[in-house]
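# Coordinate analysis (summary)
The lines below spell out each chain.
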Amino acid sequence: MINNINEEINKIIKEYKSKKIRITPVNSWRASELGHECLFYLFLNRTHWDKKQQIDIEKQLILEEGIIQEKKVIDDLKECGFNILEQQRSFYEKKYNITGHIDCLIQHKDLIPEPTLVEIKSLSNINFNSINSIDDLKKSKYYYIRNYKTQIMLYLFLIEQEEGLIILKNKVNGQLKFIPVKLDYQYVENILKKVEKLNKYLEEYEKDKNIIDKIEKCNDTSICKDCVFNYFCFKDKNWGNGLMVQDDINIEKLIEENKQLEEFVSLYEENDRIIKEYFKNFAEKNNIEKEQEILLNDKLIKINKIAKTIYKVPKDIQEQYKSINYYYIIKY
């Protein structure tokens, strides 16, 4: 076996997967994307679809993994006695020119007697745990998760159902979560007003191409940094003191790795906070004044109360000994 077998096999896989990446014409407003918070992106997706930057292999793999996870959820539901109906049914709304396709309808003789719309999403562990209602979707720091509410609301409206379900799957442990969704007509009306605005921009664009400069941009770096059209915005961006360009593939690789690890760090920090808060309250309740060991099933927990001396210095004294230290804030 060759020494660099891992690299060589992955090279073959990436070459194969890269052939599956396609940029196709967009002739309608896709329900799955209308929750996007940038009108400029939605507009360019219709008028400049052929100018998109291609997604990379990693994102292609994520998309394919989502399809695999969706199929697994449906297979599991079938095995548990649920009927799966109208899987991947397409629809077209002529007035607003909205298209989409639902994951499926599900039915169960005892729990869900009427065929009910279902939208299936697979999430990381931390995102899975943070979402317990339809409104939690809109609170997510990830724009693509915030989009999900708009997607299922449009689906409910367009197939004329009052209620549906979002099924979340934890990609780490396979756990499922079923979140009921009720059609919110006011929410849908706001979406349709957004589509009307976009359609008006399209009409004006046919007469005057300069209208593109007047379309609102979100200016949210958490969205812009991964946008396939970000070069449209960056070319006109005011860079303040100027933009310095650096080329270091090793640092770039570390940044990409950190993006993958970020959610796990956040999960660790949140779990650590909850655990320490629990045992702090335990210590106070039990008047623990010195080092104490606690057996939690097979885990040994140590608590030690430590005194910390704090000096409260008057402000006028502080001012006499003030010094300025500089440090850098690095964001990526």
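Residues numbered from 1 in each chain as written. Predicted model: local features only at pLDDT ≥ 70, side-chain atom pairs only at ≥ 80, totals over all residues. Heavy atoms only, no water.

## Some details on the packing of aromatic side chains
This is how it is decided: Pairing of aromatic rings covers Phe, Tyr and the six-membered ring of Trp, with a centre-to-centre limit of 6.5 Å; geometry is then stacked below 30 degrees between planes, edge-to-face above 60, and tilted otherwise. Burial here depends on accessible area, computed with a 1.4 Å probe over protein chains only, as a share of the maximum for the residue type. Under 20% is buried, over 50% is exposed, and the range in between is partly exposed. To sit over a ring, a charge needs its Lys NZ or Arg CZ within 6 Å of the ring centre and within 35 degrees of the ring normal.
Within this structure, the stated rule accounts for ten aromatic pairs. Relative to phenylalanine 232, the ring of tyrosine 231 lies with its centre 4.8 Å away and its plane at 40°, an arrangement referred to as tilted. Here phenylalanine 232 falls in the buried class, since its relative accessible area comes to 11%. Among the aromatic side chains, those forming a connected cluster through ring pairs are Phe40, Tyr41, Phe229, Tyr231 and Phe232. Here lysine 177 stacks its cationic end above the ring of phenylalanine 128, 4.4 Å away from the centre of that ring. Here lysine 209 stacks its cationic end above the ring of tyrosine 205, 4.1 Å away from the centre of that ring.

## Observations regarding the sheet that holds strand S3 (residues 90-93)
Our working definition: In this description, strands pair whenever DSSP reports at least two bridges between them. A run of DSSP states H or I qualifies as a helix once it reaches four residues; a run of E qualifies as a strand once it reaches two. Both are numbered from the N-terminal end. Note on definitions: a residue-residue contact is assigned when non-hydrogen atoms from the two residues lie within 4.5 Å. As a rule, the C-alpha atoms of each element are fitted with a line to give its axis, helices using only the stretch in contact, and angles between N-to-C directions run from 0 to 180 degrees.
Read across the open sheet, the three strands follow the order S1-S4-S3; overall the sheet is mixed. Edge positions in the sheet fall to strand S1 (29-30) and S3, since each has one partner strand and no second. Relative to strand S4 (residues 98-101), S3 runs antiparallel, the two being bridged by four bridges. From the neighbouring strand, glutamate 93 faces S4, where its bridge partner is isoleucine 98. Packing against the sheet, helix H6 (residues 143-158) makes contact with S3 and S4, and its axis sits at approximately 100° to S4.

That is the geometry; function is a separate question.
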